[in-house]
Amino acid sequence: MTGGKGAALLAVLLLGCCACAPNSPPPAPAPASPPAASTPAIGEEPPGGSAGLTYTNLAGEAAAGRVRDILTGAGVPAEAVDTAMDWVADYNRCMAECPAFTLAEDFTTLDGTTVDYGDYPTMSREWYRKNGRDYHDILCRILAFQLDRHSITVEKPVSREAFDCYDSETAWLYTDGDILFGREKTEEHRAYRPFPLLHWEEETVADYFTLFNPVPIQGEPTPEAMLSAVREEWQSRGISFREGGCTLITFWTEYDGRICASHAAVLAEAGEKLLLFEKTNPESPYSAALFSSAQEVKGYLYDMMALDYRQYDMEVGPFLILQNDQPL
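Source: prediction; values computed, not measured.

(A) Geometry of the packing of aromatic side chains. Applying the stated rule across the entire model yields 21 aromatic pairs. Arranged with centres 4.4 Å apart and planes meeting at 5°, the rings of Phe163 and Phe209 form a pair that is stacked. Of the two residues, Phe163 sits in the loop between strand S3 (152-154) and helix H6 (174-181) while Phe209 sits in helix H7 (residues 202-212), which places them 46 residues apart along the sequence. Judged on exposure class, the residue Phe163 and its partner Phe209 are both buried. One aromatic cluster is present, built from ring pairs that chain together Phe145, Phe163, Phe181, Trp200, Tyr208, Phe209 and Phe212. Positioned above the aromatic ring of Phe181, the side-chain terminus of Arg160 is 4.4 Å from the ring centre.

(B) Spatial organisation of the layout of surface pockets. If you add up the space inside the second largest pocket, you get close to 270 Å³. As for the second largest pocket, its lining consists of 14 residues, of which Glu79, Thr83, Gln146, Arg149 and Trp200 are closest to the centre. Of the residues forming the lining of the second largest pocket, the biggest block, 4 residues, is contributed by helix H3 (residues 78-95). Residues that form the lining of the second largest pocket fall into these classes: 6 nonpolar, 5 polar and 3 charged.

(C) Fine view of the nonpolar core. Judged by nonpolar contacts, the single largest core of 103 residues is most densely connected at Leu71, Ile142, Trp252, Phe277 and Leu301. With residues near it in sequence (within four places) discarded, Leu71 still touches Val76, Val81, Met85, Leu147, Val266, Ala268, Leu275 and Phe277.

(D) Region of the structure containing the environment of Cys140. Here Cys140 is to be found in helix H5 (residues 140-148). Residue Cys140 is classed as buried on the basis of its relative accessible area, which comes to 1%. When the C-alpha positions of Cys140 and Ala265 are compared, they lie 6.4 Å apart, and in sequence the two are 125 residues distant.

(E) View of the pattern of salt bridges. A full pass over the atoms with the stated rule returns 10 salt bridges. Asp82 serves as the salt-bridge partner of Arg68, at 2.8 Å between the closest nitrogen and oxygen. Of this pair, Arg68 sits in helix H2 (residues 61-73) while Asp82 is found in helix H3, placing the two residues 14 residues apart along the sequence. Arg68 gets classed as buried once you look at its relative accessible area, which sits at 3%. Between Asp134 and Arg193 there is a salt bridge, with its nearest N and O atoms 2.9 Å apart. Of the two residues, Asp134 is situated in the loop between helix H4 (120-130) and H5 and Arg193 in the loop between H6 and H7; the sequence distance between them amounts to 59 residues. Owing to a relative accessible area of 40%, Arg193 belongs among the partly exposed residues under this scheme. Bridged by salt links that share partners, the residues Glu97, Glu126 and Lys130 form one connected network.

(F) Main features of H2. With 13 residues, H2 should reach 18 Å at 1.5 Å per residue; the first-to-last C-alpha distance of 18 Å fits that figure. Where H2 is concerned, the buried positions are Ala63, Ala64, Val67, Arg68, Ile70, Leu71, Thr72 and Gly73. For H2, the secondary structure elements touched by its buried residues are strand S1 (54-56), H3, H5, strand S7 (258-270), strand S8 (273-281) and strand S9 (284-291). Positive phi appears at Gly75, one or two residues downstream of H2, with a value of about 100°.

(G) Looking closely at the side chain of Gln146. With respect to the element layout, Gln146 can be found in helix H5. Look at Gln146 and you get buried, because its relative accessible area is 4%. Among the polar contacts made by the side chain of Gln146, one reaches the side chain of Trp200 at a distance of 2.9 Å. Apart from the residues within four sequence positions on either side, Gln146 is in contact with Ala80, Thr83, Trp87 and Trp200.

(H) Fine view of the pairing of S7. The buried fraction of S7 is high, at 12 of 13 residues. The pairing of strand S4 (residues 215-216) with S7 spans 2 bridges and is antiparallel. Within S7, the residue paired with Pro216 across the bridge is Arg258. Sheet topology note: the strand S6 (residues 246-255)/S7 ladder contains 10 bridges and is antiparallel. Looking at S7, one finds that Ile249 is bridged to Ala265. As consecutive antiparallel partners, S6 and S7 are separated by 2 residues, and within that stretch Asp256 has a phi angle of approximately 55°, a positive value.

(I) Broad picture of the packing of H2 against H3. For the pair H2 and H3, interaxial distance at closest approach is 10 Å and the crossing angle is 150°. In terms of orientation, H2 and H3 fall into the roughly antiparallel class. The hand of the H2/H3 crossing is right-handed. Only Ala78, Val81, Asp82 and Met85 of H3 make contact with H2, whose side of the interface consists of Ala64, Val67, Arg68, Leu71 and Thr72.

Rules behind the numbers
- Residues numbered from 1 in each chain as written.
- Predicted model: local features only at pLDDT ≥ 70, side-chain atom pairs only at ≥ 80, totals over all residues.
- Heavy atoms only, no water.
- Phe/Tyr/Trp six-rings, centres within 6.5 Å; stacked < 30°, edge-to-face > 60°.
- Helix = DSSP H or I, 4+ residues; strand = E, 2+ residues; numbered from the N terminus.
- Buried < 20%, exposed > 50% of the residue type's maximum accessible area, 1.4 Å probe, protein only.
- Lys NZ or Arg CZ within 6 Å of the ring centre and 35° of its normal.
- 1 Å grid on protein atoms, 1.4 Å probe; cavity = no way out; pocket = protein on both sides within 12 Å on 5 of 7 lines; lining within 4 Å.
- Points joined across faces, edges and corners; volume = space filled by probe spheres on them.
- Nonpolar A, V, L, I, M, F, W, Y, C, P; charged D, E, K, R; others polar.
- Core = buried A, V, L, I, M, F, W, Y, C linked by side-chain atoms within 4.5 Å.
- Contact = heavy atoms within 4.5 Å.
- Salt bridge = Lys/Arg side-chain N within 4 Å of Asp/Glu carboxyl O.
- Expected span 1.5 Å × (residues − 1).
- Polar contact = N/O pair within 3.5 Å; in protein donor to acceptor, adjacent residues only side chain to side chain.
- Pairing = 2+ DSSP bridges.
- Axes fitted to C-alpha atoms, helices over the stretch in contact; angles between N-to-C directions.
- Parallel < 35°, antiparallel > 145°, perpendicular 65-115°, else oblique.
- Left-handed = near helix turned anticlockwise from the far one by under 90°.

Following this line, the structure appears as structure tokens:
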């Protein structure tokens, strides 16, 4: 991208990609509903996350096995979880010595509410230059869809030509396209291979873009208007969700007259806790964090997005966090 609108979109995409990412016990009950009385209004800045964030980057076998058990126990197919865990293990092997961060092997509790993984250029150099990779790693939306697509029905998939991943100046899902299809070298971009550990059928890819293609919005992007627009657009695309122990979390923001999924994750029941599993950015770590309530999850997501935006001297602005198709 070069200058003007393209440069502005590049800054938003860099933070919006995260922001862009084992045994089979009996299924867990559906996630608890968020407490209505203490939950802020839709799009209102929530209080910070829990007093201490408990998380892991799954760099140790015990933590990776625990996360796998929680996900399969919440009803995620074991094959889908195993594929995601292969992605995690591959990333952790590649980035174990990255100077920008230290991978947490086990569940670790911090004093703060978010993890700052450092500057993106350092991570990119480790991934591309030191490790010689000519493809992006998985980003947040792909990980979330991999784990929750069994619960999502898409009756009216968009055509391949309508995938929002082709135009480097305007496409919100441009990096998603790099990962899924690869990209030939241009004057502005290096060549990329498709991510070699991702093997989706064409129907699955179409469902993915149908779910995450940006949603047009008319007028002021208030949180209420954003909710209405996403629901109406998803209904027109024939998108529905089956309730279960693992749900899709999406964080929506507005850019240039469209509502875009800036971040995605999955939320699963973990006994008396909730497990949020996510890819934090295309070349930054995978993370699994434990929370006591949906309110804590909401606070964490907002704090994480605000941290990313501050790195570009930007503010989050109007936002919407959904659990499937309902406000979190």
